[in-house]
Amino acid sequence: MSVGSPLVFRPSFAQRSMAVLLFAGSWLVGVRALAQILERLPVLRASLKVAAAASEPTWSFWIAITAAIGAVVAGGLLLIGTLLGLLLVEGSQVLVDELGLSVEHNALPAPLARKLGAGRLLWKRISRVERSGPFFVLRGGGDPGQSGPQDPTLRFLMVDELERLVLMVLERSPNLKHE
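About the criteria used
Residues numbered from 1 in each chain as written. Predicted model: local features only at pLDDT ≥ 70, side-chain atom pairs only at ≥ 80, totals over all residues. Heavy atoms only, no water. Helix = DSSP H or I, 4+ residues; strand = E, 2+ residues; numbered from the N terminus. Rg over C-alpha atoms; globule rule 2.2 N^0.38 Å. Contact = heavy atoms within 4.5 Å. Polar contact = N/O pair within 3.5 Å; in protein donor to acceptor, adjacent residues only side chain to side chain. Buried < 20%, exposed > 50% of the residue type's maximum accessible area, 1.4 Å probe, protein only. Arc of directions from axis to C-beta. Phe/Tyr/Trp six-rings, centres within 6.5 Å; stacked < 30°, edge-to-face > 60°. Lys NZ or Arg CZ within 6 Å of the ring centre and 35° of its normal.

So, about the overall build of the protein. The number of helices and strands found in the protein is four helices and seven strands. Along its sequence from the N terminus, the protein presents helices and strands in the succession β-α-α-β-β-α-β-β-β-β-α. Against the globule reference of 16 Å for 179 residues, the protein gives a C-alpha radius of gyration of 24 Å, more extended than a compact globule. Counting contacts in the protein only where the partners sit at least 6 residues apart, residues at least 24 apart contribute 53% of the total.

Turning our attention to the side chain of Ser26. Residue placement: Ser26 occurs in helix H1 (residues 13-53). Within the local environment of Ser26, its side chain forms a polar contact with the side chain of Thr82, the two groups lying 3.3 Å apart. Contacts of Ser26, omitting those with residues within four sequence positions, involve Leu79 and Thr82.

Listed as buried for helix H4 (residues 162-172) are Leu162, Leu165, Met168 and Val169. Down the axis of H4, the sector holding all buried residues measures 125°, keeping them to one side. Turned more than 90 degrees from where H4 packs its buried face, Glu163 and Glu171 sit exposed. If you follow the buried residues of H4, they end up packed against strand E1 (7-9), strand E2 (92-96), strand E3 (100-105), strand E5 (126-132), strand E6 (135-140) and strand E7 (154-156).

Here we take up the packing of aromatic side chains. Applying the stated criterion across every chain yields a total of two aromatic pairs. Taking 5.7 Å as the distance between ring centres and 25° as the angle between the ring planes, the aromatic pair formed by Phe136 and Phe156 counts as stacked. With Phe136 in strand E6 and Phe156 in strand E7, this residue pair connects regions lying 20 residues apart in the sequence. According to the relative accessible area criterion, Phe136 is buried, its value standing at 18%. Residue Phe156 is classed as buried on the basis of its relative accessible area of 4%. Directly above the aromatic system of Phe136 lies the positively charged group of Arg131, at a separation of 4.1 Å from the ring centroid.

Bear in mind that shape data such as this cannot, by itself, settle questions of function.
Here it is, written out as structure tokens:
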């Protein structure tokens, strides 16, 4: 049996550009918000000291300081999330050949890429195609006659010609379960 060259599905230029713009915009907004918080923090600290010296209640200042710290933590998590999203869009590709389908996340370290859905499934092992959050998900376990290692769950964010890819999966997967 001869195996031809695989089809490669990647995000389009427009999809990659949108991911870069979202990433850059969130970083600019995040840096500006952090600068504003750091600019106001000394004023809050001085106001807290004045209120404490005058024996006035300081709980409102503590709430403002806690909210500022919470905003910095939430903004940091958001910025890390946008970076991860950019890396998933930029470095992802779906390879389709005669034997099966592979998802690669080349911009991420191998253990993190596997955790986020990189791997390979044979056509007969694909059991479900679904959407989970922002990801398109291909689940393994479609061939009930085989036992062995657990099939990976493949995930990717977006590719150009997604309809074509889904139709290929539907056509070539004999054990696909429809719900």
